[in-house]
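Each chain, letter by letter, is given below.
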Amino acid sequence: MTQSKELGEVNESRVNMITLTINNRQISVPAGTTILDAARRNEIHIPTLCDDPRLEPYGGCRLCLVQVKGMPRPVTACTTPATDGMEVETSNAEIERQRRTVVELLLSDHPNDCMVCEKAGDCMLQELAYFYNVRENRFAGERRTYAKKDMNPFIERDMEKCILCGKCVRVCDEVQGVAAIDIANRGFGSKISPPFDKDLNCEFCGQCVSVCPTGALLGKESLGKGRQKDVKEVETVCPYCGCGCNLTLHVSRNEVVRVTSKQDTVNEGWLCVKGRFGFNFISSPDRLTAPLIRKGGAFAEASWEEALGYIAERLTAIKSKHGPDAIGGLASARCTNEENYLFQKFMRAAIGTNNVDHCARYCHSSTVAGLATVFGSGAMTNSIAEIEKNDVMFVIGSNTKESHPIIALRMIKAKRKGAKLIIADPRRVPLVRFADIWLQHRPGTDVALLNGMMHVIVKENLVDRAFIESMTDGFDEEFKKNLEPYSPEAAESITGVPKDLIVKAARLYAGSKKAGIYYTMGITQHAHGTDNVYAIANLALMTGNLGKEGAGVNPLRGQNNVQGSTDMGCIPNMYPGYQRVTVPAIRQKFEALWNVKLPDKDGLTAPEMLMAAEKGSLKALYIMGENPALSDPDLTHTVKALKALEFLVVQDIFMTETAELAHVVLPGASFAEKVGTFTNTERRVQRVRRAVNSPGTAMKDSLIIMELSKRMGYEMNYSHTVEIFREIGQAWPALAGMSYARLEDGGIQWPCPTPDHPGTQYLFKGGFPRGRGRFTAVTYQPSHEEPDKEYPFILTTGRTLFQYHTGTMTRKVRPINAVSPEPFIEINPQDARALSLESGAKVRVSSRRGSITLKAVVTKRPGKGVVFIPFHFKEAAANILTSGTALDPVAKIPSFKVSTVRVEKVS
Amino acid sequence: MNKDILIKVCMGTGGIAAGGEAVIAAFEKAFRSAGISASVEKNCSVHKVGCRGFCARDVLVDVIVNGDKFTYEYIKPDMVERIVNAHIKAGIPVAEWLVKDDYHTFHNKQVKVVLSDCGEVDPEDIDSYINRGGYEATKKVLTAMSPEETIETVKASGLRGRGGAGFPTGVKWEMARRQPGSVKYIICNADEGDPGAFMDRSVVEGNPHAVIEGMIIGAYAFGARYGYVYIRAEYPLAVERLHLALRQARERGFLGEKILGTEFSFDIKIKLGAGAFVCGEETALIASIEGKRGQPRAKPPFPVQKGLWGKPTVINNVETLANVPYIIRKGAEWFAGMGTEKSKGTKVFALTGKIKNSGLIEVPMGIQLREIIFDIGGGIEGGKKLKAVQTGGPSGGCIPASMVDTAVDYESLARMGSIVGSGGMVVLDETDCMVNVAKYFLQFTQAESCGKCVPCRVGTKRLLEILTRITEGKGKEGDLELLEILSSDVKTTSLCGLGQTAPNPVLSTLKYYRDEYEAHIFEKRCPAGVCKDLLTYSILEEFCKGCTACTRVCPAGAIIGEKKKPHKIIQDVCIKCGACFETCKFKAIKKG
């Protein structure tokens, strides 16, 4: 039996088993297992340099040669399938002699400078030299030397240390789907090389670094900062997107010097450029190190006592003068569950208001609103690992390869296993390279596209009749009548997608047994985002793609703990665990738990708080780890609203654009400086562990809240973070079965109601929380702004691979800024020609709300008439252009994905 | 006046290089100006034909008047007018330009199957092939034979793969036929890469339709819908003629949908190789067609199980496929009647080296090596002594002169420590240094190793370094043992055939010529006088006439002396080029 940390024990059928003997030991393995894997499963050591169980077998290093009875010559264990009755000998004098020859040959073409090599102590070649006791080399001769250095900012490539095992080439192609390198030249001159031996220019995921057995590939930022034998390894979770990748922080002298990841993790050991190389913000000299109080026009450093006392005093005064609802709080999707739990508890119990929200409002509030209504729960229904079990993947409105890079890797893996991929996106996002069908619809026309597909599915009777009847409500004549107008022709005229492709996609999706839908902001960030989500739910319901393994509806969450911060009740209408604040019985439960009287009406959402601030009804705002002055729509308005506040407190690790407007700035702790839990996009609660001390007097966010709460007259005493976690379990049954001890190894997916519950790999097995899944008829609504003469382009905003959100962290990382230094606008070549633009030209982009100036990138990525600007850059903040008033009526999410703009060349 | 005039001009690569095109033009011009074209019209024609083997005598021209064939050698355009006037008009062949006896002895012991139409048919004209029975085999299998019968016939013929490994062709087809799945491929391996080998090139250039026909029959036999010819881009003439032949075959309905009105459809694409020797290895070849780096992978799975695009794939060599139509036409028994018990039929060899008659030959399997060298090849050039025969190219080995009575077939050559291989046969004489020969082949395999596996990439490099230092006089005690152990490890541990056979030239020369290696290492002497670093040139005073011829040719200015007095070579300055040795008329230069 094999163990998987993600899924526990893997069920292995005993049907297709074969039995072989290795070193006279009888071993049973599933048919198709290689000799090497069979040996590994049974702890029989066979040396290898070129094998990685996650990659296709290679057979290049020749170290795993074994003798198989009846075969004329030794065979490589990594490439040879075990067969029934096979007799294998993994070691004898002859084989060991041959292995030694191979090691000696490798060392004869190697610098052998272990004394100063970064990889010493962690080098597989060094290990083999040790085990084979290679001192003198019989084959000493010419060694490959290279004068050229690779000047890319991330990866040190010392090809003299390369042993040509080809792992980097394979991982780049098979796993990452990039193929940025291959073996060039022949014979002794063979060399791993980017095309034409140029500098490496790729996604810089560093997967190659992670699989390199020698010191040939290393992270440049880590050089000279500590070798493996001297570092302390700390297991934790990545602070960037919602994939929840497990990181191993390598700590030397109170500094994170390197990041790696283990293979038996949710991310299978793979990381993206941010996760692997984006860690230097932790030790950035720009970190906030002491509380700051605005005195006159400038900030002055203050003691914690002074700063906390001042905040308590001001908030208490505002509360007593204007009531608790004059105060609002924004929690943080970057902070831990424990911190977010404390934050909303502080707002509700200490301040006495439900005015608590956070950035999920701007990403997946329409998901929570939509899916909770029709299913009864609004999270990813399936697990990341289940992507491999999809036979069709439908990715809509998600630039997965850049925004959720590790989930994209699973999709590429599924694709390699034979799954089909449909992508619907107005832009030619990188994953399109792997797509079987790409539907390039106009921004904002998702409902028309999805209804068009459903029209075909209903018309061709491709629906799952049995599922509809047993599991759903609302698939009635009225619902079907609503789809009637969305013929492929009609859908084509709205979306711009050729009707044949709509039909093809509908048939492919409906014809699949296990189809997974994956979506993100392209669906949710619209003034009709909730309708989009309903349409997606309808599609999955009518084809029965719910409640089973490898089939479902999967909103991918964009921040490390945005799932958790929503789970923790950092939303104005719900307590932790999606329990409504307006339901008396629930309120009473929380009043009992928290031992305080709680407010009984819904609080304000984030955009509503800003509107209230502008109007003057909201006087104070407490922001923990968010940066609305760059991330919120219509920044001019946002900044005006923030400035209108009587009192603004910002708790962060850097002086953000928002913090600059604050009256008090408090230095918090980064993810590497605290313990707690993050919940990733697949509902997996995972441990966060402390690796280094915070700089200066910066304090853990949970401690800051406790100290402040105490000063506001509501004592919160937790001597250890685990006590907070236990209280969360009391507040929300879905987490009741979890404990730090149980989370120690790989985490658990909620719901996990009891200590012996294994967690929930996929939702809705056997039914929906609300009883039956509900169909909701939706009609296509044009976006709030349509292109016109004055503003002829549709602007869509989003992320890039290298930067993250408002850049608070990534823009402090030198190599990231080297490859992604400045804002840009993507514009289609046809449009560029009409405007006489070339890549690199400066353009002014204006909307009804403002204008920014930035560099043009002419590319076929967006279709004609569509432009794209990433929102990471304060120098040309995309959100100056977006609208803060075009909100979804249900979820109040702004329409980040559709605004109309004008583009002009600046001379 | 003559009724029937046919001129056949060799237009293989050798013929073209010797000026074949100009010779054709000269004949056409001469016919026109002599009024012959007009008077005999259609019955007078000048044909280009493929290689007939004896490339050393190009341009070879057959003049066939009313069926009487005379063959001329070394023909240049300016000789044509006399041939036309004397031979065609006056009926008296130009005796001094006709081929000599050795042309006939070169051919007497040959048995031509694959090459039977080479040099006869016009490779650019499908009718020329059809007129000699071409595509009869295709018609026969498609209309009168089941796929099983076709496979049985090929099995019964005993045909084995001519690319080197010698796997029974019919068995391979049968295995492919048994594989599940409806999509299967046939690939013709025309990536001939052994140095000095030009068998497949000559077949494709001289008779491309035989290869196409072989592929059609194979595809029919095991159920392939598409085929590829993987051919090196360095064979432009072969590629051009193959393209032309495919087009003509399609036009005549031998390729495409519903061939000859049957339910069988098949077509062929050409994929050009980019010059990597290793792409002749079947898994590397497949990777190359798929657009990947040409690198071998481990087997199993074998291509016949999982080949091109993951589908069952048969890869046959050019010569193997070109045999097939003849086997179908003439029957398995006819083919099996040639050769030995285990090696049936004939084999084409590229005979080169220190031999009088070099060229392309086809001999029955089992012929004695002696017959090839002394009868067909006419013996060693310059009356020197035969030293060894290297067969099988860089994967092969050397057979010493003492074993020249051995039979040439798969089994016998393997016993000698060599292989039939694809058919390279290099004759070495007493002036060849065997260490140097081994070094030459190692240089080749090292440069052509794909770099994937350690023993081949680094091991062959180290073998080469050791051989190099031996030839430079820097060999050490223990080097031979090191060569042996490393050779053995490279052979055993390498991934593909390239590495597994790369040490063969070292091992076989070490086996038969160890004393020569030892002389290099311990006596710092190259017995054959080849290895420069071990040579000294000196002047024998008693013979030197002081003619100064040597001083004039010495590029290094290493020879001094007064006119008519004995000269002297300054050893420090001498670069051992041997120019003085070649120039001296008085044998006054001593080499050694």
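Residues numbered from 1 in each chain as written. Chains lettered and ligands numbered in written order. Predicted model: local features only at pLDDT ≥ 70, side-chain atom pairs only at ≥ 80, totals over all residues.

Moving on to the overall build of chain B. In terms of regular secondary structure, chain B is built from 25 helices and 17 strands. Expected size for 592 residues packed as a compact globule is a radius of gyration near 25 Å; at 27 Å, chain B falls within 12% of this value. C-alpha extents for chain B along the principal axes are approximately 85 × 65 × 40 Å. In chain B, the share of contacts with a sequence separation of at least 24, taken over all contacts with a separation of at least 6, comes to 72%. (Helix = DSSP H or I, 4+ residues; strand = E, 2+ residues; numbered from the N terminus. Rg over C-alpha atoms; globule rule 2.2 N^0.38 Å. Contact = placed C-beta atoms within 7 Å.)

If you tally the helices and strands in chain A, you get 28 helices and 39 strands. Here the C-alpha radius of gyration of chain A, 28 Å, is about what a compact globule of 907 residues would show, namely 29 Å. Residues counted as buried form 59% of the 907 residues belonging to chain A. In chain A, the share of contacts with a sequence separation of at least 24, taken over all contacts with a separation of at least 6, comes to 72%. (Buried ≥ 20, exposed ≤ 12 C-beta atoms within 10 Å, placed from the backbone.)

Below, the discussion takes up the interface of chain B and chain A. The interface is formed by 25 residues belonging to chain B together with 27 residues belonging to chain A. Counting residues per element, the ones that place at least two in the side of chain B that touches chain A are α18 (434–448), α19 (454–471) and α20 (479–493) of chain B. It is α19 of chain B that contributes the most residues to the side of chain B that touches chain A, 8 residues altogether. Each residue belonging to the side of chain B that touches chain A can be placed in one class, and the counts come to 10 nonpolar, 6 polar and 9 charged. (Nonpolar A, V, L, I, M, F, W, Y, C, P; charged D, E, K, R; others polar.)

Turning our attention to the pairing of strand β35 (residues 824–827) of chain A. Residue and element names in this part refer to chain A. Burial along β35 is two-sided: the residues Phe-824 and Glu-826 and Ile-825 and Ile-827 are all buried. With 4 bridges connecting them, β35 and strand β37 (residues 851–858) associate as parallel partners. Considered in β37, the bridge of Ile-827 is made with Val-858. Bridge analysis of β35 against strand β38 (residues 866–870) gives 2 bridges, and the strand direction is antiparallel. (Pairing = 2+ DSSP bridges.)

Residues and elements named next belong to chain A. Every buried residue of helix α25 (residues 721–731) is listed here: Thr-721, Ile-724, Phe-725, Ile-728 and Ala-731. Projected down its long axis, α25 shows its buried positions confined to an angular sector of 115°, all on one face. Away from its buried face, by an angle of more than 90 degrees, α25 presents the exposed residues Glu-723 and Gln-730. Lining the buried residues of α25 we find α8 (337–351), β25 (574–575), α20 (584–594), β30 (676–679), α24 (701–711) and α26 (740–743). (Arc of directions from axis to C-beta.)

The predicted model of chain A has a mean per-residue pLDDT of 94, with 98% of residues at 70 or higher. Contacts from residues 1–9 of chain A, a stretch scored under 50 in pLDDT, to residues over four places away or in other chains number 18 contacts. (pLDDT = per-residue confidence, 0-100.)

Here the focus is the sheet that holds strand β12 (residues 232–237) of chain A. Residue and element names in this part refer to chain A. What the 3 strands build is an open sheet, ordered β12-β13-β14; its pairing is antiparallel. One side of each edge strand has no neighbouring strand; the edge strands of this open sheet are β12 and β14 (255–260). Ignoring strand direction, the axes of neighbouring strands in this sheet form an average angle of 35°. One ladder, built from 5 bridges, connects strand β13 (residues 246–252) with β14; its direction is antiparallel. From the neighbouring strand, Val-251 faces β14, where its bridge partner is Val-256. (Axes fitted to C-alpha atoms, helices over the stretch in contact; angles between N-to-C directions.)

Residues and elements named next belong to chain B. Alignment of strand β6 (residues 226–232) against strand β7 (residues 267–273), held across 7 bridges, turns out to be parallel. Considered in β7, the bridge of Arg-232 is made with Gly-273. Following the chain from β6 across helix α12 (residues 236–251) to the adjacent parallel β7, one finds a crossover that is right-handed. (Right-handed = clockwise from strand over helix to strand, strands pointing away.)

Right, let's get into the packing of helix α11 (residues 208–222) of chain B against helix α14 (residues 318–330) of chain B. All names here are of chain B. Following both chains from N to C, one finds α11 and α14 inclined at 75°, their axes separated by 7 Å at the closest point. Judged by the inter-axis angle, α11 sits roughly perpendicular to α14. On α14, the residues touching Ala-210, Val-211, Glu-213, Gly-214, Met-215, Ile-217 and Gly-218 of α11 are Val-318, Leu-321, Ala-322, Val-324, Pro-325 and Ile-328. Here the residues of the contact of α11 with α14 sort into 10 nonpolar, 2 polar and 1 charged. (Parallel < 35°, antiparallel > 145°, perpendicular 65-115°, else oblique.)

This part takes up the sheet that holds β7 of chain B. All names here are of chain B. Overall, parallel pairing links the 4 strands, which are arranged β7-β6-β5-β8 in an open sheet. Across the chains shown, the open sheet's two edge strands, defined by having one partner strand only, are β7 and β8 (313–317). Adjacent strand axes in the sheet meet at a mean angle of 20°, parallel and antiparallel pairs treated alike. When strand β5 (residues 185–190) meets β6, the two strands line up parallel, connected through 6 bridges. The residue bridging Ala-190 from the neighbouring strand is Ile-231, located in β6. On top of the sheet, α11 reaches β5, β6, β7 and β8; it is set at about 150° to β5, its chief contact.

With that out of the way, let us pick up the packing of helix α21 (residues 606–615) of chain A against helix α23 (residues 635–644) of chain A. All names here are of chain A. At their nearest, the axes of α21 and α23 sit 8 Å apart, and the two run at 60° to each other. In terms of their interaxial angle, α21 and α23 are classed as oblique. Both α21 and α23 take part in a crossing whose hand is left-handed. Contacts between α21 and α23 involve Leu-610, Ala-613 and Glu-614 on the former and, on the latter, Thr-638, Lys-640, Ala-641, Leu-642 and Ala-644. (Left-handed = near helix turned anticlockwise from the far one by under 90°.)

The topology assignment puts Ile-318 of chain A in helix α7 (residues 304–322). When near neighbours in sequence (up to four residues on either side) are disregarded, Ile-318 of chain A contacts Ala-326, Ile-327, Lys-619, Ala-620, Glu-646 and Phe-647 of chain A.

With that settled, consider the nonpolar core. Among the nonpolar cores identified, the biggest contains 346 residues, and Cys-168, Met-393, Met-453, Ile-536 and Ala-537 of chain A together with Val-211 of chain B are the most heavily contacted of them. For this core, the leading source of residues is α11 of chain B, giving 10 residues. One finds Cys-570, Met-609, Phe-868 and Phe-873 of chain A within the second-largest nonpolar core, a separate group that totals 108 residues. (Core = buried A, V, L, I, M, F, W, Y, C linked by C-beta atoms within 7 Å.)

Turning our attention to the environment of Leu-65 of chain A. Position of Leu-65 of chain A among the secondary structure elements: in strand β5 (residues 65–68). Separated by 17 residues in sequence, Leu-65 of chain A and Thr-48 of chain A place their C-alpha atoms 9.0 Å apart. Sequence-distant contacts of Leu-65 of chain A, defined by excluding residues within four places in its chain, comprise Pro-74, Val-75, Thr-76, Ile-95 and Gln-98 of chain A together with Thr-493 of chain B.

Right, let's get into unusual backbone geometry. The omega angle of the peptide bond from Trp-750 of chain A to Pro-751 of chain A is 0°, so this bond is cis rather than trans. Assignment of secondary structure puts Pro-751 of chain A in the loop between β32 (748–749) and β33 (773–774). Cis geometry marks the peptide bond from Asp-58 of chain B to Val-59 of chain B; its omega dihedral reads 0°. With respect to the secondary-structure elements, Val-59 of chain B resides in the loop between β2 (44–49) and β3 (61–65). Positive phi values are uncommon outside glycine, yet Glu-268 of chain A reaches one of about 50°. Mapped onto the elements of the fold, Glu-268 of chain A is located in the loop between β14 and α6 (273–277).

Moving on: the confidence of the model for chain B. For chain B, per-residue confidence averages 92 on the pLDDT scale, and residues scoring 70 or more make up 98% of the total. Interface confidence in the predicted complex, given as ipTM, is 0.90; pTM for the same model is 0.92.

Residue and element names in this part refer to chain B. For helix α22 (residues 504–512), a buried count of 7 out of 9 residues is recorded, marking the element as mostly surrounded by other parts of the structure. Turning to α22, its buried residues are Asn-504, Pro-505, Val-506, Ser-508, Thr-509, Leu-510 and Tyr-512. Where α22 is buried, its residues touch β12 (397–400), α18, α19, α20, α21 (497–501) and α23 (514–522).

With that settled, consider the environment of Lys-476 of chain B. Residues and elements named next belong to chain B. If you trace the backbone, Lys-476 turns up in the loop between α19 and α20. Judged by the 12 C-beta atoms lying within 10 Å of it, Lys-476 falls in the exposed class. Lys-476 sits 10 residues away from Ile-466 along the chain, and the two C-alpha atoms are 9.2 Å apart.

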